[in-house]
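Residue-level listing of the chains:
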Amino acid sequence: MLEVLTGSGLAASAGLNAYIPLLLMGLLARYTDLMELPSGWQWLGNGWVLLILAVLLAVEMVADKVPVVDHVNDVVQTVVRPTAGGLAFGAGSSSETVTVSDPDTDTFFSSHQWVPVVVGVLLALGVHLLKSAARPVINATTAGFGAPVASTAEDATSAVMSVVAILLPVLVLVFLVGFVAFLFWFLRRRRSRRRERQAARAAGFRV
């Protein structure tokens, strides 16, 4: 199950920032012994791929910190982040790491190699949709000043979760539980704010 947690953590990380987990995996596989990518995913360690990921990461980190531009970026990333999540889960869950020396995801997923990719896509999409829904609220309540703070926190969380997923995947459970808890809190708060607006509108009509 450790390989599944590794894949889950990397996919969730991609939902916050598509390029951090892919870049981290490529760098670790190319320059360290902490991760060995399987044969089908070794292209992630290619120098040109790493350079392209680094450039895309720089663009993403700037765009995501500018109000209004961050919304446009989130629309574009609706395709990119889930795709990256699928790649991250597929590559990460079948890699040899310091905690997983004999990946057994083929048995876990009944030998259907496409299943880990789909799981990664869904995980990353869920995180991305929550991020995209929360950002307009943050921008509106802080007059846009909260965008760079929130974006920096998301980038940091993505980086930490990626490292934890590879080095200590058991802790990914903590991130996943926290994500679910935040999701419930956010949805309840959103419903509460909607009821308050509807009540205020109804009161205005009565006046």
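Residues numbered from 1 in each chain as written. Predicted model: local features only at pLDDT ≥ 70, side-chain atom pairs only at ≥ 80, totals over all residues. Heavy atoms only, no water.

**Here's the deal with the nonpolar core**
In a soluble, globular protein the nonpolar side chains are often hidden away together inside. Judged by nonpolar contacts, the single largest core of 24 residues is most densely connected at Leu 22, Met 25, Leu 44 and Ile 166. Of all elements in the fold, only helix H1 (2–16), helix H2 (19–31), helix H3 (47–63), helix H4 (69–93) and helix H7 (146–167) reach the threshold of two or more residues within this core. With 7 residues, H2 is the single largest residue contributor to this core. In this structure Met 25 touches Leu 10, Met 35, Leu 37, Leu 44, Ala 88, Ala 91, Gly 92 and Ile 166, once residues within four positions along its chain are discounted. (Core = buried A, V, L, I, M, F, W, Y, C linked by side-chain atoms within 4.5 Å. Buried < 20%, exposed > 50% of the residue type's maximum accessible area, 1.4 Å probe, protein only. Helix = DSSP H or I, 4+ residues; strand = E, 2+ residues; numbered from the N terminus. Contact = heavy atoms within 4.5 Å.)

**Describing the pattern of salt bridges**
The tally for this structure, following the rule as stated, stands at 8 salt bridges. Notably, a salt bridge pairs Asp 64 with Arg 135, separated by 3.2 Å at the nearest N-O pair. Highlighted residues: Asp 64 in the loop between H3 and H4 and Arg 135 in helix H6 (residues 114–141), separated in sequence by 71 residues. Accessibility classification places Asp 64 together with Arg 135 in one group, the buried group. Here Lys 131 makes a salt bridge to Glu 154, at a shortest N to O gap of 2.4 Å. (Salt bridge = Lys/Arg side-chain N within 4 Å of Asp/Glu carboxyl O.)

**What to know about a positive patch on the surface**
Together, Arg 188, Arg 191, Arg 194 and Arg 195 make up a positively charged patch on the protein surface. Mapping Arg 191 onto the fold places it in helix H8 (residues 172–206). (Patch = residues over 30% accessible without salt bridge, like charges linked within 9 Å, V, L, I, M, F, W, Y side chains within 5 Å. Areas by Shrake-Rupley, 256 points an atom, 1.4 Å probe, with all protein chains shown as cover. Lys, Arg positive; Asp, Glu negative; His and termini not counted. Charge placed at Lys NZ, Arg CZ, Asp CG, Glu CD.)

**Concerning the environment of Ala 88**
In this fold, Ala 88 is placed in helix H4. Ala 88 gets classed as buried once you look at its relative accessible area, which sits at 0%. C-alpha separation for the pair Ala 88 and Val 121, spaced 33 residues apart in sequence, amounts to 9.1 Å. Beyond its immediate chain neighbours, meaning those up to four positions away, Ala 88 contacts Leu 10, Ala 11, Leu 22, Met 25 and Ser 93.

**Things to note about the packing of H1 against H4**
Taken N-terminus to C-terminus, the directions of H1 and H4 make an angle of 160°; their axes are 8 Å apart at the nearest point. Classified by the interaxial angle, the pair formed by H1 and H4 is roughly antiparallel. In this structure, H1 crosses over H4, and the sense of that crossing is right-handed. Contacts between H1 and H4 involve Glu 3, Val 4, Thr 6, Gly 7, Ser 8, Leu 10, Ala 11, Ala 14, Gly 15 and Leu 16 from the first element and Arg 81, Ala 84, Gly 85, Ala 88, Phe 89, Gly 92 and Ser 93 from the second. For the contact of H1 with H4, the per-class residue count stands at 8 nonpolar, 7 polar and 2 charged. (Axes fitted to C-alpha atoms, helices over the stretch in contact; angles between N-to-C directions. Parallel < 35°, antiparallel > 145°, perpendicular 65-115°, else oblique. Left-handed = near helix turned anticlockwise from the far one by under 90°. Nonpolar A, V, L, I, M, F, W, Y, C, P; charged D, E, K, R; others polar.)

**What about the environment of Gly 120?**
Its location among the elements puts Gly 120 in helix H6. Since its relative accessible area comes to 0%, Gly 120 is described here as buried. Those residues in contact with Gly 120 that sit more than four places away from it in its chain are Ala 11, Pro 82, Gly 85, Gly 86 and Phe 89.

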